[in-house]
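Structural description and commentary
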Amino acid sequence: MRKLIPALCALLICHPAAAQQQPFDCEASAPHRAFDFWLGKWEVTDPQGKVAGHNTITKAERGCALREQWTSVRGGTGQSINYFQPGNGVWRQLWLDGGSSIIDISGGLEGDSMVLTGTIFYLKAGTDHPFRGRWTPLEDGRVRQFFQQQDAEGAWQTWFEGFY
């Protein structure tokens, strides 16, 4: 039995599950950096220049994700986690706010814009709708965020447009 215990310990230490893997270097991965143009502490305005809220986008989990923290001028809040999925090569955003909606969208770069599509689910109504978002870096350093929701007839309606 005395010989068995050291042998078992050696197996556990050398077993791949017991060995800690080195983390992937997301900071050095170009696909993981594709959404970095959105990083920052922003005052968000509507198309007329009126302040809609404030949004802070930061790197999270050693640069493997972006964390969004939103506060509207009316006091509403929400946050999202955004990350690149190497297995299927797409970006994904999961948004949750203070009891109103859940947005689950995915996609990737189209030209210079990040374009994500999926659904929005309204908690109170218990309904979901097709939803899409586009983030476009502008030449003046701002970012345009444009969200649309599909209505019952299949037409896309503007849901939110903001300039960071």
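Residues numbered from 1 in each chain as written. Predicted model: local features only at pLDDT ≥ 70, side-chain atom pairs only at ≥ 80, totals over all residues. Heavy atoms only, no water.

1. Structural notes on the state of the cysteines
Chemically, a disulfide is nothing more than a covalent bond linking the sulfur atoms of two cysteines. Using the following cut-off: Any two cysteine sulfur atoms within 2.5 Å of one another count as a disulfide. Secondary structure elements follow DSSP: runs of H or I no shorter than four residues count as helices, runs of E no shorter than two count as strands, and numbering proceeds from the N terminus.
The full count for this structure, using the stated rule, is one disulfide. A sulfur-sulfur distance of 1.9 Å marks the disulfide that ties C26 to C64. Judged by the sign of its S-S torsion, about 90°, the bond between C26 and C64 is right-handed. You can see C26 sitting in the loop between α1 (4–14) and β1 (40–45) and its partner C64 sitting in the loop between β2 (51–60) and β3 (65–72), a full 38 residues away along the chain.

2. Regarding the packing of aromatic side chains
Selection criterion: Between the rings of Phe, Tyr and Trp (Trp by its six-membered ring), a pair exists once the centres lie within 6.5 Å; its type follows the angle of the planes, with under 30 degrees stacked, over 60 edge-to-face, and the other angles tilted. We call a residue buried when its accessible area falls under 20% of the maximum for its residue type, exposed when it is over 50%, and partly exposed in between, using a 1.4 Å probe and counting protein chains only.
Taken as a whole and assessed by the stated rule, the structure comprises 13 aromatic pairs. Aromatic pair F35 and W38: ring centres 5.0 Å apart, planes at 20°, arrangement stacked. Each member of the pair F35 and W38 is classed as buried. Centre to centre, the rings of F84 and W91 are 6.3 Å apart; their planes meet at 55°, and the pair counts as tilted. An identical accessibility class is assigned to F84 and W91; each is buried. Among the aromatic side chains, those forming a connected cluster through ring pairs are F35, F37, W38, W42, F84, W91, F131, W135, F147, W159 and Y164.

3. What to know about the nonpolar core
Our working rule: The set of buried Ala, Val, Leu, Ile, Met, Phe, Trp, Tyr and Cys residues whose side-chain atoms join them within 4.5 Å is what this entry labels a nonpolar core. Any two residues whose heavy atoms approach within 4.5 Å are treated as being in contact.
Ranked by internal contacts, the top residues of the largest apolar core, which has 22 residues, are F35, W38, W42 and W135. The set of elements that each furnish at least two residues to this core consists of β1, β2, β3, β5 (90–97), β6 (101–110), β7 (113–122), β8 (127–137) and β9 (143–150). Considering each element in turn, this core owes the most residues, four residues, to β7. In this structure, W42 is in contact with F37, G53, H54, N55, I57, G141, R142, V143 and Y164, ignoring residues within four places of it in sequence.

4. Details of the pattern of salt bridges
Just so we agree on the cut-off: Salt bridges, as used here, are contacts in which a Lys or Arg side-chain nitrogen is within 4 Å of a carboxyl oxygen on Asp or Glu.
Under the definition given, this model contains seven salt bridges. E27 is the salt-bridge partner of K59, the closest N and O atoms lying 2.8 Å from each other. Here K59, found in strand β2, pairs with E27, found in the loop between α1 and β1; they are 32 residues apart in sequence, far enough to count as distant. Between D36 and R33 there is a salt bridge, and its shortest N-O distance comes to 2.6 Å. There is no split in this pair, since D36 and R33 are both buried. Salt bridges here are not isolated pairs; linked through shared partners, they connect E27, R33, D36 and K59.

5. Looking at unusual backbone geometry
In the Ramachandran plot, E61 falls in the positive-phi region, its phi being about 50° despite a non-glycine side chain. Along the chain, the position of E61 falls in the loop between β2 and β3. On the accessibility criterion, E61 (59% relative accessible area) is exposed.

6. A short note on the side chain of S113
Applied cut-off: In protein, a polar contact requires one atom able to donate a hydrogen and another able to accept it; more generally it is a pair of N or O atoms within 3.5 Å, and residues adjacent in sequence count only if both atoms are side-chain atoms.
One can find S113 in strand β7. You can call S113 buried: its relative accessible area is 6%. Of the polar contacts made by the side chain of S113, one reaches the side chain of T136; its length is 2.6 Å. In contact with S113, other than residues within four places in its own chain, are G108, R134, W135 and T136.

7. So, the pairing of β6
The test is simple: Strands are labelled as partners when DSSP assigns at least two bridges between them.
When β5 meets β6, the two strands line up antiparallel, connected through six bridges. In the sheet register, W95 faces β6, and the bridge partner there is I103.

8. What about the pairing of strand β4 (residues 77–85)?
Looking along a regular strand, one sees side chains alternate from face to face of the sheet. Of the two faces of β4, the one lined by G78, S80, N82 and F84 is fully buried and the one lined by T77, Q79, I81, Y83 and Q85 carries no buried residue. Bridging between β3 and β4 involves seven bridges; their strand directions are antiparallel. Note that in β4 the partner of W70 across the bridge is G78. The hairpin formed by β3 and β4 contains four residues between the paired strands, and G75 there has a positive phi angle of roughly 95°. Summarising the sheet, β4 and β5 pair through eight bridges and their orientation is antiparallel. Looking at the pairing, Q79 lines up with L96 of β5. Counting the residues between successive antiparallel strands, the hairpin from β4 to β5 contains four residues, one of them, G89, with a positive phi of roughly 70°.

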